[in-house]
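Listed below, chain by chain, are the residues.
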Amino acid sequence: MSDETKSAGKGAEEAEKSDFIRERVRQDLAAGRNEGRVHTRFPPEPNGYLHIGHSKAILLSYGISQEFGGQFNLRFDDTNPEKEEDEYVQAIMEDIKWLGADWEDRLYHTSDYFGQLYEWAQHLIREGKAYVCSLTEEQVREYRGTVKEAGRPSPDRDRPAEESLGLLEEMKNGEHPEGAYTLRAKIDMGHANMKMRDPLLYRIKRMPHHRTGDAWNIYPMYDYAHGQGDAIEGITHSICTLEFEVNRPLYDWFIENLPVPHAPRQIEMARLNLTYTVMSKRKLLQLVTEGHVSGWDDPRLITLRGLRRRGYTASAIATLCDRVGVAKRNSTVDFALLEWSIREELNRTADRVMAVLRPLKVVITNYPEGEVEWLEAENNPEDAARGTRKIPFSREIWIEREDFREEAPRKFFRLKPGSEVRLKHAYFITCDEVVKDDSGEVVELRCSYDPESRGGQSPDGRKVRGTLHFVEATHAVEAEVRLYDHLFREPFPEEGGDFLANLNPDSLEVLTDCKLEPGLAEAGTDYHCQFMRNGYFCVDTVDSRPGVPVFNRTATLRDSWAKLEAKGKK
RNA sequence: UGGGGCGUAGUCAAGUGGUCUAAGACACAAGGUUUUGGUCCUUGCAUCCGCAGGUUCGAAUCCUGCCGCCCCAGCCA
C-alpha cells in the first residue's frame, strides 16, 4: 500500500488510520470495485449551522478521500424548500473550509438533479414500479400499518402508467393543490421494514426553491434523491449516520431499479455526542431563538462558529475526532476529551503572557518611586524558538486577588502576611502589611522586594514555593475577559425531559476590570495565548477592538490546587 | 419470534479461535521534576469482555437461549 501519511499536525510517523469503514474501503479496493476509485461526499441540508457532530462526518469522509487518493464532494441536499435558505449555504461552506476539508470544484446541489430525478420517476412509472397516489396524508399513514401489522395497498396502486404519467406532469406544473397527490414507489405494503411500504418519491409543494425558483411544484423526498445524487456523482462510499440503517434497503432498491450510471454503497456509523451539551439542530435553534445564548456563534455552543469564537482550532477538532474513532455503537464522548485536544495543541503553540483577572494592588515599598525597568520573559517554555519579550516592572503592580490570603492553610504556597513568593520573571517579594478599607476588605498589600532576586533567581539558594503572575500598574491594559463554562450543568442535559431546566446559570462570567501586560493591547483576531496560571484565551472576534481588547477563555489549565482544596472541604 | 442495529474499564475504543493472565487515549489516583499548584516523567487503574449454557486441547472472538439499549409507523433529512 503506497501512501504518504501527511495530514496536518502531529509527529513523524502517524499510524495508518483504521476503523471498520476504512477496512471496508481497503477491501473494496483490493477486490477491484469502483474501478479502483474512492469518492466520498458530505451532504448537508442547508437548514442550519454546522456543529462539532458534523465535523466528525466531514473529516471522516474527506480524510478517507485523501488517504486513498480519491475525491470529496460537497453536495447540498436541498430537496425541501420549506426549511432551506441560501444564508445557510454560505455559512456551511465557510465552516467546512475552516475545518480544512476541500471539495475543490465539486460543489453540487441535489436540486441540480431535479430534471434527471424526474425522468427516472417516469421510468419507474413505465416499468410499473411507481404510481401516483391520491390518498391524503392521514390515509397514507393509516394504510401504511404499524411496525407490527402489515399495511394495505393504496386504491391507486394499479393506476395505469399513462394516467400516472399525466398526473405527475400536472403535479409538476402546479395544476393540483398541495396534498392532492404523491408519487409512490410500488414495493411491498407488507414489508417488515416500514421504509419499504410504498415510500413517497414526490410530494406537491407549490413553493419557490432557493435555487430553482418556481420551476417546480413537486419536490423529491430524501430517499428518492439521495442515492441517485450519489450515483450521478460517482460516489463510491456514501457515509451517513446510524439512523439511516433502515433506509439502506430502499437506497439499494432505487439503485437496482433505475438506470443509474454507478452503484454507490451506503455505510452507517455512530454520530458524535458530547457530554454537557446538546447536538440536535432543533435544540440548538431553540437556544438561539429563545435567547439562552447570544447567537449561533456564542462561544458556549458547540456549533463550529461557536467553537471557533471560543478559541478552538480546526486541528484540535480533528484531534478529537481521531481520538473518538469510528464505530457503530451509540456513545457519548466526555467533553473533557475536547478540552484535552485544545490544551494539547495550545500548550505547544500558544505564547505565555500575563493577565490579572481580579486585580489586587501591591505596592513595593522599597522599590524606587517613578522607576520602571523592563525584564525579559520567555514566550513559550515548550518552544525556545518563540523567543522572549520585555515586560515592565515598577513600584506598583497588580496581582490576582485569589493569590493572597490573610489566613491560609499550610499547603497554600502563595502570598500571605510575612511570606515570600516569586513574581514570575521578576523578583521575590515579601508581604509586610495588609491595607483594608472600612468594611474590612483587603484593598492593598504593601510588600518589599529583594533586589538580588532579579529575574526570579534565588540569590542565595533559598526556596520559595510559590510563583505568581502579575501586571505592572502604569502600563497595564484594561480589558474585558469572558470566562466560559459548560452551557449545561448536567452531563446528559436531555435526560429527564426539559433540557432547558439544566442550563448552567454560571456558564458565562464577564470580568471587566482585568489588567493585561502592555503587549496585548493590539492583539489581533486569531490570537491564541495562555494567560499564565489562568488558562488559554483568545481575542473575541466580534467585540474586541484595538486598545480595548476582549478575551474569551478557551479552556482552563488543569488545576491541582483547586482539586486539593475541594478535597479538603469535603 | 415486526424489522434493523449495538452491547469490552468512569468515557471513547482496539480486538475477526491460540502471541489476550484484553491495545491505546481521555478521566481518575499516587510519586518525581518544575521561575505556570501548567507542561513533562514514572506508576496504578477490566483474571475479564451484557448474562447463562454449549462447541473446542483452547473463545471476548464460533453456536444456542436470555437480558438491556438505540433506530423505523414525517407528504423531514
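Reading guide: rules and limits
- Residues numbered from 1 in each chain as written.
- Chains lettered and ligands numbered in written order.
- Predicted model: local features only at pLDDT ≥ 70, side-chain atom pairs only at ≥ 80, totals over all residues.
- Heavy atoms only, no water.
- Helix = DSSP H or I, 4+ residues; strand = E, 2+ residues; numbered from the N terminus.
- Rg over C-alpha atoms; globule rule 2.2 N^0.38 Å.
- Buried < 20%, exposed > 50% of the residue type's maximum accessible area, 1.4 Å probe, protein only.
- Contact = heavy atoms within 4.5 Å.
- Lys, Arg positive; Asp, Glu negative; His and termini not counted.
- Charge placed at Lys NZ, Arg CZ, Asp CG, Glu CD.
- Axes fitted to C-alpha atoms, helices over the stretch in contact; angles between N-to-C directions.
- Left-handed = near helix turned anticlockwise from the far one by under 90°.
- Nonpolar A, V, L, I, M, F, W, Y, C, P; charged D, E, K, R; others polar.
- Expected span 1.5 Å × (residues − 1).
- Parallel < 35°, antiparallel > 145°, perpendicular 65-115°, else oblique.
- Pairing = 2+ DSSP bridges.
- Right-handed = clockwise from strand over helix to strand, strands pointing away.
- Near = heavy atom within 4 Å.
- Polar contact = N/O pair within 3.5 Å; in protein donor to acceptor, adjacent residues only side chain to side chain.
- Domains from an automatic or database assignment.
- Buried area = accessible area lost by both parts, 1.4 Å probe.
- Salt bridge = Lys/Arg side-chain N within 4 Å of Asp/Glu carboxyl O.
- Core = buried A, V, L, I, M, F, W, Y, C linked by side-chain atoms within 4.5 Å.

## A few points about the overall build of chain A
- Broken down by element type, chain A carries 13 helices and 25 strands.
- Taking 2.2 N^0.38 as the reference for a compact globule, 570 residues should give roughly 25 Å; the C-alpha atoms of chain A span a radius of gyration of 31 Å, well beyond that estimate.
- Considered along the principal axes of its C-alpha atoms, chain A spans approximately 100 × 55 × 45 Å.
- A buried classification covers 53% of the 570 residues belonging to chain A.
- Contacts spanning at least 24 positions in sequence make up 71% of the contacts within chain A whose residues lie at least 6 apart.
- The averaged location of the 99 negative side-chain charges in chain A is 4 Å from the averaged location of its 79 positive side-chain charges.

## Quick word on the packing of helix α1 (residues 20-30) against helix α2 (residues 52-67)
- Direction vectors running N to C along α1 and α2 enclose 35°, while the axes themselves pass 11 Å from each other. Every pair of crossing elements has a handedness; the one defined by α1 and α2 is right-handed. Here α1 contributes I21, R22 and V25 to the contact with α2, which in turn contributes L60, I64 and E67.
- Taken together, the residues that form the contact of α1 with α2 break down as four nonpolar, no polar and two charged.

## Looking at helix α7 (residues 222-233)
- A rise of 1.5 Å per residue sets the reference length of α7, with its twelve residues, at 16 Å; its end C-alpha atoms lie 16 Å apart and thus fit the reference within 8%.
- Taken across its twelve residues, α7 has ten buried, putting it largely inside the fold.
- Within α7 the residues assigned to the buried category are D223, Y224, A225, H226, G227, Q228, G229, D230, A231 and E233.
- Phi turns positive, to about 75°, at G234, one or two residues after α7.

## Brief notes about the packing of α2 against helix α11 (residues 314-324)
- Contact geometry for α2 and α11: axes closest at 10 Å, N-to-C directions at 75°. Taken together, the axes of α2 and α11 lie roughly perpendicular to each other. For the pair formed by α2 and α11, the contact residues are I52, S55, K56 and L59 on the first element and I317, A318, L320 and C321 on the second.
- The residue makeup of the contact of α2 with α11, split by class, is six nonpolar, one polar and one charged.

## Notes on the pairing of strand β1 (residues 39-42)
- Alternating positions in β1 separate into two faces, H39 and R41 on one and T40 and F42 on the other, with burial throughout.
- As defined by bridge partners, β1 adjoins strand β2 (residues 71-76) across four bridges and the pair is classed as parallel. Counterpart to F42 in the pairing with β2 is L74.
- Taking the sense of rotation as the criterion, the β-α-β connection linking β1, α2 and β2 turns out right-handed.

## Some words on the protein's contact with RNA strand B
- Around RNA strand B there are 66 residues in total, and R329, R352, K424, G455 and S560 lie nearest to it.
- Each atom of RNA strand B within 4 Å of the protein belongs either to a base or to sugar and phosphate, the latter forming 67%.
- Within the side chain of K205, an N or O atom sits 3.4 Å from a phosphate oxygen of RNA strand B.
- Those elements that provide at least two residues to the surface near RNA strand B are α5 (137-144), β6 (200-204), α11, α12 (335-349) and α13 (560-569).

## Some details on the sheet that holds strand β3 (residues 107-109)
- Judged by pairing direction, the sheet is parallel, and its three strands sit side by side in the order β1-β2-β3 without closing on themselves. Bordering the open sheet on either side are β1 and β3, each of which pairs with just one other strand. Across the sheet, the axes of successive neighbouring strands diverge by a mean angle of 35°, strand direction being ignored.
- Set on the sheet, α2 makes contact with β1 and β2; between it and β1 the angle comes to about 160°.
- Contacts from helix α3 (residues 86-99) reach β1, β2 and β3 within the one sheet, and its direction differs from that of β2 by about 155°.

## Digging into the sheet that holds strand β11 (residues 355-356)
- With mixed pairing, seven strands are arranged side by side in an open sheet as β10-β23-β24-β25-β21-β22-β11. A single partner strand is all that each edge strand has here, and the edge strands are β10 (351-353) and β11.
- When β10 meets strand β23 (residues 528-531), the two strands line up parallel, connected through three bridges. Paired with D351 across the two strands is C529, which belongs to β23.
- Strands β10, β23, β24 (535-539) and β25 (550-555) of the sheet are contacted by α12, whose axis makes an angle of about 120° with β25.

## Focus: the domain arrangement of chain A
- Assigned domains of chain A: these are domain 1 (3-109 + 224-341), domain 2 (114-221) and domain 3 (352-569).
- Each of domain 1 and domain 3 has a C-alpha centre, and these two points are 40 Å apart.
- With 22 residues of domain 1 at the contact, the number on the domain 3 side is 26 residues.
- For the pair domain 1 and domain 3, the summed buried area comes to about 2100 Å², and 64% of that belongs to carbon and sulfur atoms.
- Counting across the domain 1 and domain 3 interface gives three salt bridges.
- Where domain 1 touches domain 3, the interface holds nine residue pairs in polar contact (both at pLDDT 80 or more).
- Those elements giving two or more residues to the side of domain 1 that touches domain 3 turn out to be α9 (281-289) and α10 (304-310).

## Focus: the nonpolar core
- Residues I52, I96 and L287 are the most contacted members of the largest nonpolar core, which totals 62 residues.
- Here this core spans two domains, and each of domain 1 (3-109 + 224-341) and domain 3 (352-569) adds at least three residues to it.
- When near neighbours in sequence (up to four residues on either side) are disregarded, I52 contacts L272, L274, M279, I302, L304, L307, I317, L320 and L338.

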